[in-house]
Amino acid sequence: MEDLTRRRFLTSLGIAGVSASCCSGLRTLFATHKDLFEKYPLALDISLQSSFQGRITGLYSTTYELEKRIQEYDAVAAFFQQPVIVLSEGKGTETERMHIQKMEIVYHTWLRDLFLFSEHSLLLSPRIFSDATGPLNGNLYHRTKQIEDSAAYLAEKEGVTLAVAPCPFEGGQVLKAGNHTLVPEFWNDIRNLKVLALMKPDVYERIQTEEDILHFYEQVFGPILFVPNYFQEFATFSGHLDTYITPISTDTLLVGDIGLADEIISGESSSIIREFEASLEEKVELYPPKQGPVILRDVDLELKRTFNDVLDQAADFLSQRYSVKRIPFALIQMGYEPAFLSYNNALLEDATKKALVPQFGLACLDSEVTSAFVSEGYSVKSIDTTEGIFRKSGPHCMY
């Protein structure tokens, strides 16, 4: 693969712009006046809800394509036996299983990434924090307005307070597994704590070493694990651990495995693989610009090895403290535009042992993953997540 094509491929996977020398902290957008942050308190003692159980009782999603997703919402609500509350700016008709909460603006459709849920607070990221009534325009205004309006609604609905996290985040970067909070390795950098320089300068000045950083995070989140996710100097998948890690119980994690997916795919007939690739060819037309033919079986081997190494490192690291089981994770190539079949981006409810699991229409992988969740005691509802291939998302992002 030529260098330029390779670079574009890596950028599209969300890794070429997040490096050790330019980590999330350096790219954080901070307001210039302290009073903007004083709208909400700073959270310095956070007990995160588990990724598979918690006190949030509602089932929420957000979209600007309401009519397109009505059938999905109906199926999800029926599975979890409660209505989906959809935060949407679009017009639509409520049903018994789908309630609509009107939003002035819906800019971001991945509700999970906007917040973190602690036992008593809904946490906002300082990365997007700004005054939505101020002189903002364009995407910044839209994103900030959506987050603050959604946060206010969810906090009131669930009876929790609002607070600001002490570091920038996207919700998919953070998982709660057993006793540990899992975060990407690039969080282990003082630049990811720059908000403290504005809000708690005395605390910030005391953080000088990696041991100080770990001590601070553990004071805030409790036991924390910095999960390896680097390829060379780049952080894979923008640090979104929910792309390839699924906490499934207090002592067990499912971790994606490209090698396992390749092994399963290699046993499938060429005609079925071509049929699957052709089906994606039709759908990719909806997500221009199309950069090349869809390839599943013959993805660049170097890229496969690179990403499988990252997933293997994460699995080996986590297996020191948890039981780790591997499930298929497949890369797809569309010219230099990549995508992946991520079955880890599942939505779990531990109390009822229900799992809303992605499926992509390739039976050999879909059935393998369903069996993995069933073997852990979950009843499974498979949901067509083909659209998520191109948007790099799934049920865990959307609900």
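Worth saying up front: this structure is predicted, and the values here are computed from it rather than measured. Numbers given to residues run from 1 along each chain, matching the order in which its sequence is written. Per-residue local features are limited, in this predicted model, to residues with pLDDT of at least 70; the limit for side-chain atom pairs, both in listing and counting, is 80 or more; totals at the level of whole chains, interfaces and linings are taken over all residues. Only hydrogens and water are set aside when side-chain values are computed; all heavy atoms of the structure are taken into account.

Trainee: Looking at this structure, I do not really get the pattern of salt bridges. What am I missing?
Mentor: Side chains that carry opposite charge are capable of pairing whenever their charged atoms lie near each other. Salt-bridge detection follows one rule: a side-chain nitrogen of Lys or Arg within 4 Å of a carboxyl oxygen of Asp or Glu. Applying the stated criterion across every chain yields a total of nine salt bridges. Overlapping salt bridges bring together Glu104, Lys145 and Asp149 as one network.

Trainee: Got a minute to help me understand the sheet that holds strand E7 (residues 175-177) in this structure?
Mentor: Where strands meet in a sheet, backbone hydrogen bonds hold them as pairs that are either parallel or antiparallel. Being paired, for any two strands, means DSSP has found at least two bridges between them. Helix and strand definitions follow DSSP, with helices as H or I runs of at least four residues and strands as E runs of at least two, each counted in order from the N terminus. If you trace the three strands from one edge of the open sheet to the other, you get E7-E8-E9, paired in mixed fashion. The two strands at the open ends of the sheet, each matched to only one other strand, are E7 and strand E9 (224-227). Pairwise comparison of adjacent strand axes, ignoring direction, gives a mean angle of 30° for this sheet. As paired strands, strand E8 (residues 180-184) and E9 are joined by four bridges and run parallel to one another. Among the inter-strand pairings, threonine 181 is bridged to a residue of E9, identified as isoleucine 224. Whether two residues are in contact is decided by their heavy atoms, any of which lying within 4.5 Å being enough. Between the N-to-C directions of two axes lies an angle of 0 to 180 degrees, each axis being a line fitted to C-alpha atoms and, for a helix, fitted only over the stretch in contact. In the packing of helix H10 (residues 301-318) onto the sheet, contacts are made with E8 and E9, and the angle to E9 comes to roughly 155°.

Trainee: So what exactly am I meant to see when it comes to the packing of aromatic side chains here?
Mentor: What describes a pair of aromatic rings is the distance from one ring centre to the other and the angle between the planes of the rings. Two aromatic rings, drawn from Phe, Tyr or Trp (for Trp, its six-membered ring), form a pair once their centres lie within 6.5 Å of each other, and the interplanar angle then sorts them: stacked below 30 degrees, edge-to-face above 60, tilted otherwise. Evaluated as defined, the whole model comprises 13 aromatic pairs. With a centroid separation of 5.7 Å and 20° between ring planes, the pair formed by phenylalanine 329 and phenylalanine 340 is classed as stacked. Pair noted here: phenylalanine 329 is in strand E15 (residues 323-334) and phenylalanine 340 is in strand E16 (residues 337-342), with a separation of eleven residues, a long-range link. Relative accessibility thresholds used throughout: buried, under 20% of the residue-type maximum; exposed, over 50%; partly exposed, between the two (1.4 Å probe, protein chains only). The buried category is assigned to phenylalanine 329, whose relative accessible area is 0%. In this structure an aromatic cluster arises from ring pairing among Trp187, Phe216, Tyr217, Phe221 and Phe226. In our convention, an over-ring charge means Lys NZ or Arg CZ found within 6 Å of a ring centre and within 35 degrees of that ring's normal. A cation sits over an aromatic face here: lysine 354 above phenylalanine 79, 5.4 Å from the ring centre.

Trainee: It is not clear to me how the packing of helix H8 (residues 258-266) against H10 should be interpreted in this structure. Could you clarify?
Mentor: In a packed pair of helices, the relevant descriptors are the angle between the two axes and the axis-to-axis distance. At a closest axis distance of 8 Å, the pairing of H8 and H10 adopts a crossing angle of 125°. Viewed along their axes, H8 and H10 adopt a mutual orientation that is oblique. Contacts from Ile258, Gly259 and Asp262 of H8 reach H10 at Lys304, Phe307, Asn308 and Leu311. The classification used treats Ala, Val, Leu, Ile, Met, Phe, Trp, Tyr, Cys and Pro as nonpolar, Asp, Glu, Lys and Arg as charged, and all other residues, Gly among them, as polar. Taken together, the residues of the contact of H8 with H10 sort by class into three nonpolar, two polar and two charged. In this scheme, roughly parallel covers angles under 35 degrees and roughly antiparallel covers those over 145, while 65 to 115 is roughly perpendicular and the rest are oblique.

Trainee: Would you take a moment to explain the nonpolar core for this structure?
Mentor: Grouped burial of nonpolar side chains is what soluble globular proteins tend to show. Side-chain atoms within 4.5 Å are what join buried Ala, Val, Leu, Ile, Met, Phe, Trp, Tyr and Cys residues into a set we call a nonpolar core. With 32 residues, the main nonpolar core has Ile332, Leu341, Leu365 and Phe373 as its most contacted residues. Where this core is concerned, the elements lending two or more residues are H8, helix H9 (270-284), E15, E16, strand E18 (354-359), helix H11 (363-375) and helix H12 (386-391). At five residues, the largest contribution of residues to this core is made by H11. Setting aside anything within four residues of it in sequence, one finds phenylalanine 373 in contact with Thr246, Ile248, Leu254, Tyr343, Ala346, Leu348, Ala355, Val357, Tyr378 and Val380. Leu42, Val183, Leu193 and Phe226 belong to the second largest nonpolar core, which has 29 residues in total.

Trainee: I would appreciate a short explanation of the side chain of asparagine 229 in the present structure.
Mentor: The residue asparagine 229 is located in the loop between E9 and strand E10 (230-231) in this model. Beyond its immediate stretch of four places on either side in the chain, asparagine 229 contacts Pro184, Glu185, Phe186, Phe234, Ala235, Thr236, Gly239, Tyr244 and Val310.

Trainee: Sorry if this is basic, but what is going on with the environment of aspartate 366 here?
Mentor: Relative to the assigned elements, aspartate 366 resides in helix H11. Not counting residues within four places of it along the chain, the set of residues in contact with aspartate 366 comprises Tyr343, Gln359, Phe360 and Gly361.

Trainee: Explanation requested: the pairing of E15 in the structure shown.
Mentor: For a regular strand, side chains alternate in direction, first toward one face of the sheet and then toward the other. Taken together, the six bridges between strand E13 (residues 252-257) and E15 define a ladder with parallel strand orientation. Each residue of the ladder has a partner; that of threonine 252, found in E15, is serine 323. Two strands pair when backbone bridges link them, and strand E14 (residues 294-295) and E15 are joined in this way by two bridges, in the antiparallel orientation. Within E15, the position partnered with isoleucine 295 by the bridge is glutamine 333.

Trainee: What am I meant to see in the sheet that holds strand E6 (residues 161-164) here?
Mentor: Sheet architecture is open: three strands sit in the order E4-E5-E6, paired in mixed fashion. A single partner strand is all that each edge strand has here, and the edge strands are strand E4 (115-117) and E6. Strand-to-strand twist across the sheet, computed as the mean angle between neighbouring axes with direction ignored, equals 30°. When strand E5 (residues 121-124) meets E6, the two strands line up parallel, connected through four bridges. Looking at the pairing, leucine 124 lines up with valine 164 of E6.

Trainee: Any chance you could explain the packing of H8 against H11 here in plain terms?
Mentor: In the contact formed by H8 and H11, the axes pass within 9 Å of each other and the chain directions differ by 130°. Taken together, the axis directions place H8 and H11 in an arrangement best described as oblique. By crossing handedness, the relation of H8 to H11 is classed as right-handed. Judged by residue contacts, Ala261, Ile264 and Ile265 of H8 engage Cys364, Leu365 and Glu368 from H11. The residue makeup of the contact of H8 with H11, split by class, is five nonpolar, no polar and one charged. Rotating anticlockwise by less than a right angle from the far helix to the near helix defines a left-handed crossing, while the corresponding clockwise rotation defines a right-handed one.

Trainee: Which parts of the structure should I look at to understand the confidence of the model for the protein?
Mentor: Parts of the prediction with low pLDDT should not have their coordinates interpreted in detail. Every residue carries a pLDDT, the predictor's confidence in it, which falls somewhere between 0 and 100. Of all residues in the protein, 82% have pLDDT values of 70 or greater, and the mean over the chain is 81. Low pLDDT, under 50, characterises residues 1-36; the predicted model gives this stretch 96 contacts beyond four residues in sequence or across chains. Note that pLDDT drops below 50 for residues 130-136; the model gives that stretch twelve contacts with residues more than four away or on any other chain.

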